[in-house]
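Here is what each chain is made of, one letter per residue.
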Amino acid sequence: MNAVPRALAFDALVRRVAPALPLPVVERWARRAIGGREAALCLHRVGAGPADASGLVLPAPVLDELVAAAERIGRGRRWLALTFDDGYLDAVRYVAERAERHPTIGWHLFICPDKAAGGRGFRWDAGLDPFTELPADVAALEREHDRRALVRAGADERCALAGIELLRTVRDAGFAEVGNHTDHHLPLASLAAEVATAELAGSVASFERELGACRSFAFPFGTPGLYWRAEHAEQLRAAGVEQIWSVQSRTFTAAERTSGAVLPRFPVDGRDDARTIVALVAARATLERVRALAAGRHGPAGPTSSAAAATRYVRDEPLVHLAGPVAAESDRAPTVFVYGASGHVETFRALAAVLGASRPVYAVRALGLLEGERPAGDVAEALEVAIDAVKQLGRPVELVGYSLGGLVALGMAGPLERAELLAGPVRLIDTYAGSLEVLPLSTRLRNALAFTRRHGVRRVLPWSRRLVERQVRGALRRPAPRPAWLEELGFGEGRVAGLVDLEAHHRALLGDTDLVEPYRGPVRTIRSLDLAPNLPEDAGVGRLLQGPLDVRFVRGDHFSMLSPHRVQRLVAALFH
């Protein structure tokens, strides 16, 4: 059974069980399962009567019960967002009447600005097929012979859309955020590239003309990979959109909300009652916790059941834009950081803030971090994904690898250089190659003594599981907010061992440096004073090179050298 049938079977089981559970039990389950994470629901219409067969209309009494349950679960914390797609008049009126009374709920309306301004309804309401008759060019986005049917649908009271004036009133009153949903509500991934590009750019222009700055966006139909791709999200970010939403059945963290990640929303079937909807969110959150625990013990889990298409999406977007102008607006070669052992890219935020004033800054993250994503199976696949990500920029880059990511960067360097996409030396931050155990004890002691005499280091800290655990536990003991990279991965006190094992997964994957071709170009490696002083001065990197190596040192340990108060010195060592 593949991922999609598994997901459907899982949800069907929850729907059978939920009615038998008392509502207080379901609410306690949801409170415990969700923890400090957040959730969003993707809704469409709100009806006064019972649900219809389409599943798009959620009865108002059911939604009222859902709002009340969410407030009891949150106990004053805003954890649930209700998002309404398409801009139907009944949904906008519901939000306008109730949002002010429920400030702990996030309220979002996503509208098609051209349709709202012109009073043209949707293809499915007009009896037209929204999928098979896709336009071949921009001029045919809405064919003239379809417009009459769309205008009739927009005038029909049963499927009327809210007008621009009402939307402005709701937004200006602070009741809800109003965001963009494209002009014509077509599946972007099925359109020709130039048509999809024109649709996105045109809808942003339409939205700004009618409602001002376009700060949020929800993809039509929503499923990543199936209905939209990574390049569509990147185009929106370049246009200044701050928050982008998809449709996936999972919760998310506060760090995802602030980092520019595409946020997931649970699709809601209007035929479910409030108890079942809460139970579905709780069950999915529980499943996420179980998989996270399994990943912590056995390495990252394989594809999850939220959507098979999610694997395609995250595989297409391992390159994250961190700071600075987009590549097309800067003459300076972009800097691309390569992930360390834990795979995330939040480590580079402080560095990106310094560098972003003069150049675009990107980072390559590892596969296997997100729901629905399979980790790289071998070194060849990890390198292929990273190289393909950098090639998307279409111009030479400055390559910087951190920790174990330095080995990935060295593996990427040769192919990028041959493709004329590498600018300057490869730069490494605290990268070492080889194992301490392969060195004789006498050599290790001699190296440690020479290192401490030269740099005045009084501690000898071998790279070990205990060191990683100590660093992570220290980060968790800091006053809130916790470091963003810990929040991004969802690690709490009980997940320290999980983070260590996640690093072990990548170490096992990339530890065989014989699979990384020797690099013939110049390399600069920056070492912290506390990284395994019983290693040689080049930390074993020299044996992977056939070109010149420049070794420099900065103060701080393996983690603190990237902290905000030390990155200025690190930048100087890297680039000057």
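Scroll up for the structure.
First, a word on scope: everything that follows refers to the structure included in this document. Just so you know, these numbers come straight off a predicted model, no measurement behind them. Residue numbering note: each chain is counted from 1, following its sequence as written. Only residues with pLDDT of 70 or above have their local features reported here, since the model is predicted, and side-chain atom pairs are shown and tallied only from 80 upward, although totals for entire chains, interfaces and linings are computed over all residues. Water and hydrogen atoms play no part in the side-chain values, which are based on all heavy atoms of the structure.

Okay, the sheet that holds strand β13 (residues 398–402) next. What the 7 strands build is an open sheet, ordered β10-β12-β11-β13-β14-β15-β16; its pairing is mixed. Of all strands in the sheet, those with a lone pairing partner are β10 (319–323) and β16 (549–554), marking the two edges. Across the sheet, the axes of successive neighbouring strands diverge by a mean angle of 25°, strand direction being ignored. Judged from the 4 bridges that link them, strand β11 (residues 335–338) and β13 form a sheet pairing that is parallel. By the bridge assignment for β13, Thr335 is matched with Glu398. What makes two residues a contact is simply this: any of their non-hydrogen atoms within 4.5 Å. With axes taken as lines fitted to C-alpha atoms, and helix axes fitted only over the stretch in contact, angles between N-to-C directions fall between 0 and 180 degrees. By the criteria applied, helices consist of DSSP H or I runs no shorter than four residues and strands consist of E runs no shorter than two, each listed in order from the N terminus. Its contacts with the sheet place helix α20 (residues 567–575) against β11, β13, β14 (426–429), β15 (523–528) and β16, and it is angled at close to 155° to β15. Any two strands are treated as partners once DSSP identifies two or more bridges connecting them.

Okay, helix α9 (residues 230–238) next. When we look at burial in α9, the residues that qualify are Ala230, His232, Ala233 and Leu236. Along α9, the residues classed as buried sweep out an arc of 165° about the axis, all on the same side. Downstream of α9 by one or two residues, Gly240 has phi in the positive range, about 95°. Burial classes: relative accessible area under 20% of the type maximum marks a residue as buried, over 50% as exposed, and values in between as partly exposed (1.4 Å probe, protein chains only). By construction, the arc corresponds to the directions joining the helix axis to the C-beta atoms.

This part covers the packing of aromatic side chains. By convention, a stacked pair of Phe, Tyr or Trp rings (six-membered ring in the case of Trp) has centres within 6.5 Å and planes under 30 degrees apart, an edge-to-face pair has planes over 60 apart, and any other such pair is tilted. This structure, assessed with the given rule, holds 10 aromatic pairs. With centroids separated by 4.8 Å and ring planes inclined at 5°, the aromatic side chains of Phe122 and Trp124 adopt a geometry described as stacked. Owing to a relative accessible area of 26%, Trp124 belongs among the partly exposed residues under this scheme. Ring centres 4.8 Å apart and planes at 15° place the aromatic pair Phe337 and Phe348 in the stacked group. In this pair, Phe337 is assigned in strand β11 and Phe348 in the loop between β11 and α13 (349–355), connecting sequence segments 11 residues apart.

Next up on the list: the packing of helix α2 (residues 23–34) against helix α3 (residues 60–74). Running from N to C, α2 and α3 cross one another at 55°; their axes reach a closest spacing of 9 Å. Classified by the angle between their axes, α2 and α3 sit oblique to one another. The element α2 and its partner α3 pack so that their crossing is right-handed. On α3, the residues that touch Leu23, Glu27, Ala30 and Arg31 of α2 are Ala69, Arg72 and Ile73. Ten residue types, Ala, Val, Leu, Ile, Met, Phe, Trp, Tyr, Cys and Pro, are classed as nonpolar, four, Asp, Glu, Lys and Arg, as charged, and the remainder, Gly among them, as polar. For the contact of α2 with α3, the per-class residue count stands at 4 nonpolar, no polar and 3 charged. Roughly parallel here means an angle under 35 degrees, roughly antiparallel means over 145, roughly perpendicular means 65 to 115, and every remaining angle is called oblique. Helix crossings are classified by the rotation of the near helix relative to the far one: an anticlockwise turn of less than a right angle makes the crossing left-handed, while a clockwise turn makes it right-handed.

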